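# Geometric and topological summary
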Amino acid sequence: MTMLLSIENVNKAFGRGTIHENRVLRDFNLVLNTGDFVSVIGSNGTGKTTLMNCIAGSYGVDTGEIRLGDMVLNKQPARRRAKYIGRVFQNPSTGTASDLTIAENMAIAWRRGERSGLGRSVDAGLRAMFKERLEFLGLGLEDRLDVPVRYLSGGQRQALSLLMATLRRPKLLLLDEHTASLDPNTSLQVMELTDRLVREYRQTTLMITHNMQNAIQYGNRLIMLHEGHVVADVSGAEKEGLTVPLLVEMFRRQANGDLPLSDKVVLTA
Ligand SMILES: Nc1ncnc2c1ncn2[C@@H]1O[C@H](COP(=O)(O)OP(=O)(O)O)[C@@H](O)[C@H]1O
Ligand SMILES: [Mg+2]
């Protein structure tokens, strides 16, 4: 197993030095090996998105180090990191540009982090490659390359966002509740597609989800965040044996009983 991502003693607070100081990540440590598919759970406001923002470079860290392979990530600007890190957000319109066509959106994703000056132009070679990648989705989008993305459904846009985020085979894929705004059926479809894509690319992935069933079912590892730390890290046979009630019980134990059990976001399957 080779280590891919290492987060060491990272601290991240908002409103530092004020009475509103909010220490979100506290001496935070996490190591991901190449090929890990990790689900991340934890109650609302616990710092899951902040963790991803610190990895992707949307936020700087106060102290600590984030490394990707032998590169010190937290010294790089976000746009440089975008070459190595793909990201999909909860809102389907965040990952794609509504007025541009599927092909144009993919061209932008293809050139992310480059200074080619070609923007969204698409030659025959790229078109063929995009078509082939779209076929993988099984949604018929390969025949709609020149359709503006605003005509796609939320599920289709999320599927396209996933494809775009992985087009350049990033070292790391970050998914932030990327199925949360979809209806249950579509959410299931996008989750299955995610799993297929991650397997095909052997894509190292960190996936935040509020859906405990998904967290249990997908990936090789599950971590729980609470009060700025990883309080549970489950993989292998232990993860295979997880059920939603077991997970709830584990939360209670790991968080010393002070887990907000009324938090529906954590507890609904
Ligand atoms: N840009 C920001 N400025 C101030 N506070 C923030 C900012 N981003 C996040 N926070 C705060 O950090 C905490 C963790 O937020 P977040 O990482 O979004 O939680 P989660 O994704 O686990 O629901 C919350 O208290 C939130 O209000
Ligand atoms: Mg969040």
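Anyway, here's the lowdown on the structure attached to this text. Computed from a prediction, not measured in an experiment: that's the story for all the values here.

## Re the overall build of the protein
On a plain count of helices and strands, the protein comes out with ten helices and ten strands. A compact globule built from 269 residues should have a C-alpha radius of gyration of about 18 Å, and the protein, at 19 Å, falls within 12% of that. Out of the 269 residues belonging to the protein, those deemed buried represent 50%. Restricting to contacts in the protein with at least 6 residues of sequence separation, those with at least 24 account for 68%. Of note, the protein has its 33 positive side-chain charges centred 5 Å away from the centre of its 29 negative side-chain charges.

## Focus: the site of ligand 1
What surrounds ligand 1 is the set F14, N22, V24, S43, N44, G45, T46, G47, K48, T49, T50 and Y59. In the environment of ligand 1, an oxygen atom lies 3.0 Å from a nitrogen or oxygen atom belonging to the side chain of N22. In the complex, the protein chains occlude 61% of the 560 Å² of accessible area that ligand 1 would expose alone. Those elements giving two or more residues to the shell around ligand 1 turn out to be β2 (22-33) and α1 (48-56). Residue classes in the shell around ligand 1 are distributed as three nonpolar, eight polar and one charged.

## Focus on the nonpolar core
Core analysis: the biggest nonpolar cluster contains 33 residues, and I102, M106, F130, L134, L137, L160 and L162 have the highest contact counts within it. For this core, the secondary-structure elements that each account for two or more residues are α3 (102-110), α4 (124-137), α5 (154-166), β7 (172-176) and α6 (184-201). Ranked by residues supplied to this core, first place goes to α5 with six residues. Among the nonpolar cores identified, the runner-up in size contains 27 residues, and V10, L25, L172 and I223 belong to it.

## Some thoughts on the environment of Q213
Along the chain, the position of Q213 falls in helix α7 (residues 212-217). The spatial distance from the C-alpha of Q213 to the C-alpha of V244 is 6.6 Å, given a sequence separation of 31 residues.

## Structural notes on the sheet that holds β7
Two pairing modes exist for strands in a sheet, parallel and antiparallel, and in both the strands are linked by backbone hydrogen bonds. A sheet is described by the order of its strands in space; here six strands give the open sequence β6-β7-β8-β3-β9-β10, paired in mixed fashion. Looking along the sheet, the strands with just one partner apiece sit at the ends: β6 (85-88) and β10 (229-235). Taken over all neighbouring pairs, the strand axes of this sheet differ in orientation by 20° on average, direction set aside. Taken together, the six bridges between strand β9 (residues 221-226) and β10 define a ladder with antiparallel strand orientation. Note on β10: the bridge partner recorded for L222 is V234. Of the strands in this sheet, β6 and β7 are in contact with α5, which crosses β6 at around 170°.

## Focus: the side chain of R133
Inspection of the secondary structure assignment puts R133 in helix α4. Here Y201 takes part through its side chain, which lies 2.5 Å from a polar atom of the side chain of R133. When near neighbours in sequence (up to four residues on either side) are disregarded, R133 contacts M106, L163, L167, L197, E200 and Y201.

## A few points about the packing of aromatic side chains
Counted according to the given criterion, the structure contains one aromatic pair. Ring geometry for F14 versus Y59: centroids 5.3 Å apart, planes at 80°, classification edge-to-face. Residue F14 is located in strand β1 (residues 3-14), and its partner Y59 is located in the loop between α1 and β4 (63-68); the two are separated by 45 residues in the primary sequence. What makes F14 partly exposed here is its relative accessible area of 29%. We classify Y59 as partly exposed; its relative accessible area is 31%. Looking at R133, its charged tip hangs above the ring of F136, at a distance of 5.2 Å from the centre. Sitting over the ring of Y201, R169 keeps its end group 3.6 Å from the ring centre.

## Concerning unusual backbone geometry
Even without a glycine there, the phi angle at D27 is positive, about 40°. By the secondary structure assignment, D27 is in strand β2. The phi dihedral of E177 is positive, around 50°, even though this residue is not glycine. Among the secondary structure elements, E177 is positioned in the loop between β7 and α6.

## Focus on the environment of F251
As for its placement among the helices and strands, F251 is situated in helix α9 (residues 244-254). Taking C-alpha positions, F251 is 9.7 Å from L225, a pair spaced 26 residues apart along the chain.

## Details of the sheet that holds β1
With antiparallel pairing, four strands are arranged side by side in an open sheet as β2-β1-β4-β5. This sheet does not close on itself; its edge strands, each paired only once, are β2 and β5 (71-72). Note: β4 against β5, two bridges, orientation antiparallel. If you follow R67 over to β5, its bridge partner there is V72. The sheet strands contacting α1 are β1, β2 and β4, and the helix crosses β1 at an angle near 115°.

Cut-offs and rules
Residues numbered from 1 in each chain as written. Chains lettered and ligands numbered in written order. Predicted model: local features only at pLDDT ≥ 70, side-chain atom pairs only at ≥ 80, totals over all residues. Heavy atoms only, no water. Helix = DSSP H or I, 4+ residues; strand = E, 2+ residues; numbered from the N terminus. Rg over C-alpha atoms; globule rule 2.2 N^0.38 Å. Buried < 20%, exposed > 50% of the residue type's maximum accessible area, 1.4 Å probe, protein only. Contact = heavy atoms within 4.5 Å. Lys, Arg positive; Asp, Glu negative; His and termini not counted. Charge placed at Lys NZ, Arg CZ, Asp CG, Glu CD. Near = heavy atom within 4 Å. Polar contact = N/O pair within 3.5 Å; in protein donor to acceptor, adjacent residues only side chain to side chain. Areas by Shrake-Rupley, 256 points an atom, 1.4 Å probe, with all protein chains shown as cover. Nonpolar A, V, L, I, M, F, W, Y, C, P; charged D, E, K, R; others polar. Core = buried A, V, L, I, M, F, W, Y, C linked by side-chain atoms within 4.5 Å. Pairing = 2+ DSSP bridges. Axes fitted to C-alpha atoms, helices over the stretch in contact; angles between N-to-C directions. Phe/Tyr/Trp six-rings, centres within 6.5 Å; stacked < 30°, edge-to-face > 60°. Lys NZ or Arg CZ within 6 Å of the ring centre and 35° of its normal.

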